[in-house]
Amino acid sequence: MMAMEKKTISVKTQIILTVLFIVGVCILFFIAEENLNSYMIRIVSLIGIFGIMAVSLTLINGVSGMLSLGHAGFIAIGAYVAALLTMSVQQKEASFILMGVAFPINTEALSSIPFFWATIAGGSVAALMAFVVGWPTMRMSGDYLAITSLGFAEIIRIFLLNWNRITNGSLGLKGIPSYTNIWWSWGWLLITLLIIGSFAKSSYGRALRAIRDDPIAAKAMGINVFKHQLTSFVMGGFFAGVAGSLYAHWLTSIDPKPTTLGIMLTFNILIMIVLGGLGSLSGAVLGAGLFAVLSEFLRFVESDMTLFGFTIAGISGMRMLVFSALFIIIMIFWQKGIMGRNELTWNALYRTISRFKRGGNHGK
Amino acid sequence: MKIEIFVQHVINGLSLGLLYALIAVGYTMVYGILKLINFAHGEIFMMSIFFTFYAITLFGFPWWLGMAVGIAGAALLGMSVDKIAYKPLRNAPRISALITAIGVSMFLQSLAIVIFGGIPESFRNVFPEFFTKIFTIGGEVIEARGREIVVNAIRIPSITIITFAVTLITFLILWFILYRTKAGMAMRAVSMDTKAVSLMGISINKTIGMTFALGSALAAVGGILWVGKYPQVWPMIGFMPGLKAFVAAVIGGIGSVAGAVVGGILLGLIEILAVGLMPQMAGYRDAFAFILLIVLLSFRPSGIMGKKELVKV
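Trainee: Summarise the overall build of chain B; cite the residues concerned and give the values.
Mentor: Scanning chain B for helices and strands turns up 11 helices and six strands. Expected size for 313 residues packed as a compact globule is a radius of gyration near 20 Å; at 20 Å, chain B falls within 12% of this value. For chain B, the exposed area adds up to about 14,700 Å²; of that, 68% sits on carbon and sulfur atoms. The distance from the centre of the 23 positive side-chain charges to the centre of the 12 negative ones in chain B is 14 Å.

Trainee: Any chance you could break down the pairing of strand S4 (residues 147-151) of chain B for me, citing the residues and the numbers?
Mentor: All names here are of chain B. Sheet topology places strand S3 (residues 140-144) next to S4; five bridges connect them, and they run antiparallel. The residue of S4 that forms the bridge with Ala-144 is Arg-147. Count of turn residues in the S3/S4 antiparallel hairpin: two residues, of which Arg-145 carries a positive phi of about 50 degrees.

Trainee: I'd like a rundown of the interface of chain A and chain B, residues and numbers included.
Mentor: Across the contact, 41 residues belong to chain A and 46 residues belong to chain B. Between chain A and chain B lies a buried interface of about 3,600 Å² when both sides are counted; carbon and sulfur atoms form 83% of it. Among the residues chain A hides against chain B, the three largest losses belong to Asp143(A), Tyr144(A) and Ile147(A). Together they make up 18% of the total. Where chain A packs against chain B, one counts zero salt bridges. The tally of links from chain A across to chain B stands at two residue pairs in polar contact (both at pLDDT 80 or more).

Trainee: Kindly report on helix H3 (residues 71-86) of chain A, identifying the contributing residues and their values.
Mentor: Over its 16 residues, H3(A) extends 23 Å from the first C-alpha to the last, a length consistent with the 22 Å expected when each residue adds 1.5 Å. When you tally the buried positions in H3(A), you get 15 out of 16 residues, the bulk of the element.

Trainee: Got a sec to walk through the environment of Ile195(A)? Specific residues and values, please.
Mentor: Residues and elements named next belong to chain A. Its place among the elements puts Ile-195 in helix H8 (residues 182-201). For Ile-195, a relative accessible area of 36% translates into the label partly exposed. Counting along the chain gives 40 residues from Ile-195 to Met-235, while the straight-line C-alpha distance between them is 9.6 Å. Not counting chain neighbours up to four residues away, the residues in contact with Ile-195 comprise Met-235 and Phe-239.

Trainee: Break down the packing of aromatic side chains for me, citing the residues and quoting the values.
Mentor: All chains considered together, the criterion is met by 36 aromatic pairs over all chains. Where Phe74(A) meets Phe233(A), the ring centres are 5.6 Å apart and the plane angle is 80 degrees; that geometry is what we call edge-to-face. Taken together, the residues span a long stretch of sequence, with Phe74(A) in helix H3 and Phe233(A) in helix H11 (residues 225-251) at a distance of 159 residues. Using a relative accessible area of 0% as the deciding quantity, one classes Phe74(A) as buried. Its relative accessible area of 1% is what places Phe233(A) among the buried residues. Pairing Trp175(B) with Tyr179(B) gives two aromatic rings, centres 6.3 Å apart and planes at 25 degrees, and the pair type is stacked. Here Trp175(B) and its partner Tyr179(B) are both found in helix H5 (residues 158-180), four residues apart, which amounts to about one turn of the helix. Overall, the relative accessible area of 43% leaves Trp175(B) in the partly exposed class. We classify Tyr179(B) as partly exposed; its relative accessible area is 42%. Members of the aromatic cluster, joined through ring pairs, are Phe50(B), Phe53(B), Tyr54(B), Trp63(B), Phe116(B), Phe123(B), Phe127(B) and Phe131(B). Seen from the ring of Trp250(A), Arg42(A) lies directly overhead, with NZ or CZ sitting 4.1 Å from the centre.

Trainee: Break down the pattern of salt bridges for me, citing the residues and quoting the values.
Mentor: Residue and element names in this part refer to chain B. Counted by the stated rule, this structure contains seven salt bridges over all chains. Between Lys-244 and Glu-271 there is a salt bridge, and its shortest N-O distance comes to 3.3 Å. Here Glu-271 lies in helix H10 (residues 257-277) and Lys-244 lies in helix H9 (residues 239-252), a separation of 27 residues in the sequence. Each member of the pair, Lys-244 as well as Glu-271, carries the same accessibility label: buried. Here Asp-286 and Lys-244 are joined by a salt bridge, their closest N and O atoms 2.7 Å apart. With Asp-286 in helix H11 (residues 285-299) and Lys-244 in helix H9, this residue pair connects regions lying 42 residues apart in the sequence. Classification of Lys-244 by relative accessible area gives buried; the value is 4%.

Trainee: Can you lay out the packing of helix H1 (residues 3-34) of chain B against helix H8 (residues 204-229) of chain B for me, pointing to particular residues and giving the numbers?
Mentor: Residues and elements named next belong to chain B. H8 packs onto H1 with a crossing angle of 165 degrees between their chain directions and a minimal axis gap of 9 Å. When the axes of H1 and H8 are compared, the pair comes out roughly antiparallel. Crossing handedness for the pair H1 and H8: left-handed. In contact with Asn-12, Ser-15, Leu-16, Leu-19, Tyr-20, Leu-22, Val-25, Gly-26, Met-29, Val-30, Ile-33 and Leu-34 of H1, H8 contributes Ile-208, Thr-211, Phe-212, Leu-214, Gly-215, Leu-218, Ala-219, Val-221, Gly-222, Leu-225, Trp-226 and Lys-229. Of the residues assigned to the contact of H1 with H8, the class counts are 17 nonpolar, six polar and one charged.

Trainee: For unusual backbone geometry, give the residues involved together with the corresponding values.
Mentor: All names here are of chain A. Phi is positive for Asn-168, close to 65 degrees, though the residue is something other than glycine. Positionally, Asn-168 belongs in the loop between helix H7 (164-167) and strand S1 (173-174). Judged by its relative accessible area of 2%, Asn-168 falls in the buried class. The backbone of Thr-252 sits at a positive phi, close to 65 degrees, despite the residue not being glycine.

About the criteria used
- Residues numbered from 1 in each chain as written.
- Chains lettered and ligands numbered in written order.
- Predicted model: local features only at pLDDT ≥ 70, side-chain atom pairs only at ≥ 80, totals over all residues.
- Heavy atoms only, no water.
- Helix = DSSP H or I, 4+ residues; strand = E, 2+ residues; numbered from the N terminus.
- Rg over C-alpha atoms; globule rule 2.2 N^0.38 Å.
- Areas by Shrake-Rupley, 256 points an atom, 1.4 Å probe, with all protein chains shown as cover.
- Lys, Arg positive; Asp, Glu negative; His and termini not counted.
- Charge placed at Lys NZ, Arg CZ, Asp CG, Glu CD.
- Pairing = 2+ DSSP bridges.
- Contact = heavy atoms within 4.5 Å.
- Buried area = accessible area lost by both parts, 1.4 Å probe.
- Salt bridge = Lys/Arg side-chain N within 4 Å of Asp/Glu carboxyl O.
- Polar contact = N/O pair within 3.5 Å; in protein donor to acceptor, adjacent residues only side chain to side chain.
- Expected span 1.5 Å × (residues − 1).
- Buried < 20%, exposed > 50% of the residue type's maximum accessible area, 1.4 Å probe, protein only.
- Phe/Tyr/Trp six-rings, centres within 6.5 Å; stacked < 30°, edge-to-face > 60°.
- Lys NZ or Arg CZ within 6 Å of the ring centre and 35° of its normal.
- Axes fitted to C-alpha atoms, helices over the stretch in contact; angles between N-to-C directions.
- Parallel < 35°, antiparallel > 145°, perpendicular 65-115°, else oblique.
- Left-handed = near helix turned anticlockwise from the far one by under 90°.
- Nonpolar A, V, L, I, M, F, W, Y, C, P; charged D, E, K, R; others polar.

As structure tokens, this is what we get:
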């Protein structure tokens, strides 16, 4: 046996590589914005948004081991708060045709706010709600959290549906300025990855993993389970709200239907993180990208098809059927997903490459 | 509030609560054995209604045979869901099984959308006439525009009476199966100690399959009574009743069949009475169940009839 090789790269090199990587992606985006059509560019920014949603759910679900099904609720809060802040007064008055706008929202002070601050506000309100929901539910065992968070998301939807003077009820908000572009969505994804990534790597993150793997042992080691889980839940809620704001300004019209900001969205995010590997942040981004591309690609199963001269009418809902079947198959046969619980880091890449090299030189 | 109106609300609440109870029993039985929230339960409820609907309207079965098809179909579906999706994950972490259950739920829902279409189908005139009669008790007869109208009466639709009767019979049968047959004994035993039971030579998987079949059949009974009450069916119909029935099972103490019945009735009563007392809150009706759940679990985490469980390290 040969001596163990040094299998890590120095931190300095890693930082340089990361910066180079980001610059490279930026150049790619510049080229993309020049050459791709607007449809493709929209898909690229959607991948960024999905990435934020998936990474924030991974923090709650994969790193901390809590099954939260209320993610769409936080996204909806972020979406509505931010959209109400960026819309102009005239736009609001034009779209609230049913009962008019309630007082604080129709003022100049709370309208046409810069996108960045509106997004922060959306995230903060979502984080606040995560705290309010998390406080009672974090004390329950994991299964109850699944059902209360699902119920909570549904409550949010019901409130959005009934607060006519604030959320415009079932009509939803229309004419939201279309601010989200590649730079906003991928910029926020970068921020999300930096913050959640360093959080997951810190002692807090290690404690969370310990809780995920064995809560009782973690408790015995003196880890405050409640505090740790609540922190990660609130953090996940904040970035879900941020993603909601970006999503609202990407869609430009939002409503409280289950398919827009309801249970279907939560389910889609679950598909992404299961695809990428439960517990891996980079896997979540990969899963989000794959999901966005796949769901555009699968549009053909819902459109009319012509086979040997016969036209088969497209069936709506087919895409969801394919996705849910894929979901079950992954869960049964390929639980690791793309990344498992590993992260895509420079060190991992280096190790893979050096393994290849050694494999070439020494055989076995 | 007038006493007639109050009695009316109580009757409505009870009949809704019994339906929740029927669905909740399936949740609680599966949870008792597998420690798994079977999210697909609400979808099995939905499928049973579709089976009944198409058996009667498309194949022209008589109504009782259509209902039997719905119940048998649901039992079969429940068993196959367990065989295909949950059985390979028996030894996997619980969170994987839970996520798979959500996937199964979505799969069945989108399957229903693809096969049956997403537009609600009316259930009127599918069941015979005696399902839709309305009886009145008390009240005064007044004359208006030459017609006699009964006011201030307690109105009891025949479906409510049928619900009371059918649920009572169903629960008696359930009690008989659970406490007077060998299969029922096996189910109770598996929920207490899986390992010991397998050492006694009882097939765990068969017992779990039977539990799924029994729970799904109960959900189907609930589903058929549900469309008698609210005559419409569409692929999303199982979502809310399924969620609320689970809430009922948790409120009653998950794992306990009697608790599920109590929780279901309690939830139905509270929901109807809350809307009855505060009509302006009617839009928030679906939120009550979850607020109740969060409040109750904060004070009594094991539910009304659940045992406090100690975890051995």
